Structures are given as C-alpha cells and as structure tokens.
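Okay, here's what each chain looks like letter by letter:
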Amino acid sequence: ADIISTVEFNYSGELLATGDKGGRVVIFQHEQESKNRPHLRGEYNVYSTFQSHEPEFDYLKSLEIEEKINKIRWLPQQNAAHFLLSTNDKTIKLWKISERDKRAEGYNLKDEDGRLRDPFRITSLRVPVLMPMDLMVEASPRRIFANAHTYHINSISVNSDHETYLSADDLRINLWHLEITDRSFNIVDIKPANMEELTEVITAAECHPHQCNVFVYSSSKGTIRLCDMRAAALCDRHSKFFEEPEDPSSRSFFSEIISSISDVKFSHSGRYMMTRDYLSVKVWDLNMENRPVETYQVHEYLRSKLCSLYENDCIFDKFETLFLGFVLNVAIMTGSYNNFFRMFDRNTRRDITLEASRESSKPRATLKPRKVSTGGKRKKDEISVDSLDFNKKILHTAWHPKDNVIAVAATNNLYIFQDKIN
C-alpha cells in the first residue's frame, strides 16, 4: 500500500506531493534555509498526510476500483491555501490544503468543551475572540469529479487558463471546468463501434503550457496526436500527427509493445515535446512531424532481455520522463531498473546513470555514476546486465521548478537529491 505511484512539486517548489497505492497523499514542505544551517537547502519534512481515495466496488460491472493514486497535479496558488487534483482509476478530487493557527473562544451558546448551554443561564453577551493555537494543516475535498470515465484514468493535466483541465482514460479524453463537477465535455473518443476492432489505446495526455486550446495525446502504437480545440468540438481529427517510421531490420515480436509511449511532456517554451517509450526518450519539434529531433537510448542493453521482461510483465512498465532546467530545458531525466535513473545533457549529448538506494545515498554524499556492462568481461565498478534487479524500478520522478533539486520515487522510498553545494 505504501508503494509511491506519483510525485509532483507545486509551482513554487515549496511543497512536494506523493501519492501511493493505498490512496494516501503525503505532502512534504521545504525547510527554510537559515544562516547557521545552510545545508538544509534541499530538506523536506512531512507537512500533511491525508487519505485521498478509498477502495470502491462497481456493482454493475462487478469490478473492484483500486484506491491507488494515478496522478497528482497542483493548481497555481491564488491565496494562502494550496489546491491539488488527485485521481485514481475513476474519480478525480480537488483538495484544499490550508493552515490554521487560531481558534475562536468565548461562544455564547456553548461551553468551551462544545456542549450547548441552557438558554436560561445565558445572562450576558460575550464577543468571541481568536486565540493562538498550534499550527494545524487541514486537507478538505472541495470538488469531486466522478462518473465520467468508463475506463482507467491515466492522465490529468491542468490547462494554461487555470480554469479547465483534461482527464484521459484508455479510449476517451474529457475537458472539465474546475468549478463544475456534474458534467464534462468529451473532446476525444477513439472507441470503435465494435470493440474487437480496437487496435490502440490512449496512454497519456498533456495540455500545451501556453496555448489553452492545444493539447497532445500519445498512443500504445507509438504515435502522438496534437489537437486544436478551436477546429472542432470533438477533436477526433488531429491537427498534427507525430510518428517515427520503424526500421524493418529491427522489427521483432516485441516491437509494438516497446514502441508504446508511456509519458509525454511539453518543454517550457511549448516548442518541443518529449515522449518516453520502453527503451528510449525522444524529443520532437512541433513543426516537424515525421521524426524526432533528438533520441536518447535509456537502457539499450535490455533489448536482448525482452523475452524475460515480457514473461515477468516488466515490459509493460510505464516510465515517466521530465525536462530539467525551468526555462531552457537543458537536460532530460527518466528512470530505469535496479533503482537507476538516467540524465541526458541536451547540449553536450553526455549522459550519466545514477542510483537511488539507501546504500549509495547517505545524506550529503555525492552520487557516483554507475555503468552497466553488456560484454563478457566487466570492469570493477560496473554491474552486469544479468544481475540487474527488475523489481527495483524508478517510474516516477519530479523536478523542482526553480532549484536543481529532484525527487525520485523508488518503490516505497522517496529520495531527494540536490546539486552539490561548495
């Protein structure tokens, strides 16, 4: 139940939210840096914990609905409170996280312990006063967006107008207004008339960072469609279609499975987008549809292991990816197996493999680059492909919007790394 299923920083980076398989959301708060303790720059402590979703049962379909949190998305902060959207397979909830450090005392109609007073004993009128109390962080559900998805929700994305958001399941994408819970607009529907003709499903959807009418969604066939909501109310006909033609010489039984896109992200400028399939990360220019402008191999050494990965279902793992560098997006980060995560410098084309584990990640220790040996003879500091642990995987990562701080979820552990301080 405590396996982390999503990680997300808020817009300022002050708060970091994680969701887990048990339906809980844990929010961590950034510790304020003090002059006598400058090393606390990257430290986060628990700020609030609450149960977001409970397990349910769909009696019409005789299906259990898991409480697992699939995605968390923060809304931009407008006042003292924070708001976030969290979703499981079926229901999206809008949560308000607020602080309370004062309480009212001196009621007229009830005693301090909350019991109602006898009206005949009230002889004077008191003015209630606010008294200081220990800080309390309260999480309360403000909206519940339910009953709009027949299939499992895999994505939610807040639009740049900060009034609407998208939610996507395997076959449909809906557009919601944050104030309206009882209806949504279906803007993409790829469900065929006969379900036996189904050839692909939607795997991820994302709103454009600046143009509130543009969004993209990826499919299990390795294609990405860009849609413009100004063109038509139902965006079944895409504006742009991104696909890299497959090399016939490398085609195999697993080609279609490993080409499925598990994550799609826009760059900060909105000019580029990045997609993650099973073995690689690709960066696309929105003005060029026929092939990506950059391709990075994440773990090419697993190509020879696809058969065993298929047998243990690891080939269906959905890795996330993200741009590092708030404005320039100078680097890319994504996860791998054995608790490895990979970083690619887009300017120098250099890459590095790092490991998130308790043994190698002592507080304030520098991470050592890891190398995977593919040949017969391996060097002393290399790890063999055959000894990789496929149960340890990094699927979910998050990057601080302003500082060089990253959060990495490794099963039920959350690691926070920051760039080295002199």
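An unreviewed UniProt entry lists the protein chain under the name Serine/threonine-protein phosphatase 2A 55 kDa regulatory subunit B, with Seriola lalandi dorsalis as the source organism. Here is the UniProt Sequence similarities (unreviewed entry) comment for the protein chain, exactly as written: "Belongs to the phosphatase 2A regulatory subunit B family."

Residue alternation in strand S11 (residues 155-158) divides its side chains into two sets, Ser155 and Ser157 and Ile156 and Val158, and both sets are buried. Here S11 folds back onto strand S12 (residues 164-168) in antiparallel fashion, the turn holding five residues, of which histidine 162 has a positive phi close to 60°.

Turning next to the nonpolar core. Within the largest apolar cluster, 19 residues are counted, with the highest numbers of intra-cluster contacts made by Tyr278, Leu302, Leu309 and Leu388. Aside from chain neighbours lying at most four places away, what touches leucine 302 is Leu279, Leu309, Tyr337, Leu388 and Phe390. Residues Leu354, Ala356, Ile394 and Ala410 belong to the second largest nonpolar core, which totals 16 residues.

A word on the environment of asparagine 10. For asparagine 10, the position within the fold is in the loop between strand S1 (4-9) and strand S2 (15-20). Exposure remark for asparagine 10: the relative accessible area of 6% places this residue in the buried category. Asparagine 10 has contacts with Leu15, Trp74, His82 and Pro401, leaving out every residue within four places of it along the chain. Separated by 2.8 Å, the side chain of asparagine 10 and the backbone nitrogen of glycine 13 make a polar contact.

Applying the stated rule across the entire model yields 22 salt bridges. Across the salt bridge formed by glutamate 179 and arginine 143, the nearest N and O atoms sit 2.6 Å from each other. Taken as a pair, glutamate 179 in the loop between strand S13 (172-177) and strand S14 (185-189) and arginine 143 in strand S10 (residues 129-145) lie far apart in primary sequence, 36 residues in all. Look at arginine 143 and you get partly exposed, because its relative accessible area is 21%. Aspartate 277 is the partner of lysine 282 in a salt bridge, and the nearest nitrogen-oxygen pair spans 3.6 Å.

With that settled, the discussion passes to the sheet that holds strand S24 (residues 331-335). Across the sheet, four strands lie side by side as S23-S24-S25-S26; this open sheet has antiparallel pairing. Pairing within the sheet leaves two strands with one partner each, and these edge strands are strand S23 (321-324) and strand S26 (351-355). Strand-to-strand, the axes of this sheet are offset by a mean angle of 20°, without reference to chain direction. Note: S23 against S24, four bridges, orientation antiparallel. In the sheet register, leucine 324 faces S24, and the bridge partner there is alanine 331.

Within the structure shown, the criterion is met by zero disulfides. Not part of a disulfide, cysteine 207 finds its nearest cysteine sulfur in cysteine 212, a span of 9.1 Å. By relative accessible area, which is 5% here, cysteine 207 ends up buried. Cysteine 235 forms no disulfide, and the closest cysteine sulfur to it belongs to cysteine 227, at a distance of 5.2 Å. Cysteine 235 sits in the buried class, given a relative accessible area of 2%.

Definitions and cut-offs
- Every residue gets a number counted from 1 within its own chain, in the order that chain's sequence is written.
- Only residues with pLDDT of at least 70 get local features here, since the model is predicted, and only at 80 or more are side-chain atom pairs given and counted; chain-wide, interface and lining totals rely on the full set of residues.
- The side-chain figures draw on all heavy atoms in the structure; neither hydrogens nor water molecules are used.
- UniProt positions are given in the numbering used here, feature names are shortened, and annotations may be inferred rather than shown by experiment.
- Only protein chains enter the accessibility calculation, which uses a 1.4 Å probe. A residue is then buried if its area is under 20% of the maximum for its type, exposed if over 50%, and partly exposed in between.
- Helix numbering and strand numbering both begin at the N terminus, where a helix is a DSSP run of H or I of at least 4 residues and a strand a DSSP run of E of at least 2.
- Strand pairing is assigned whenever DSSP detects at least two bridges linking the two strands.
- Only buried Ala, Val, Leu, Ile, Met, Phe, Trp, Tyr and Cys residues count toward a nonpolar core, and they belong to the same one when joined by side-chain atoms within 4.5 Å.
- By the convention used here, residues are in contact when the closest approach between their heavy atoms is within 4.5 Å.
- Polar contacts here mean pairs of N or O atoms no more than 3.5 Å apart (in protein, one a potential hydrogen donor and the other a potential acceptor; neighbouring residues in sequence count only if both atoms are side-chain atoms).
- Throughout this description, the term salt bridge denotes a Lys or Arg side-chain nitrogen within 4 Å of a carboxyl oxygen of Asp or Glu.
- Note on definitions: angles span 0 to 180 degrees between N-to-C directions of axes, and those axes are lines fitted to C-alpha atoms, for helices only across the stretch in contact.
- Pairs of cysteine sulfur atoms within 2.5 Å are what we label disulfides.

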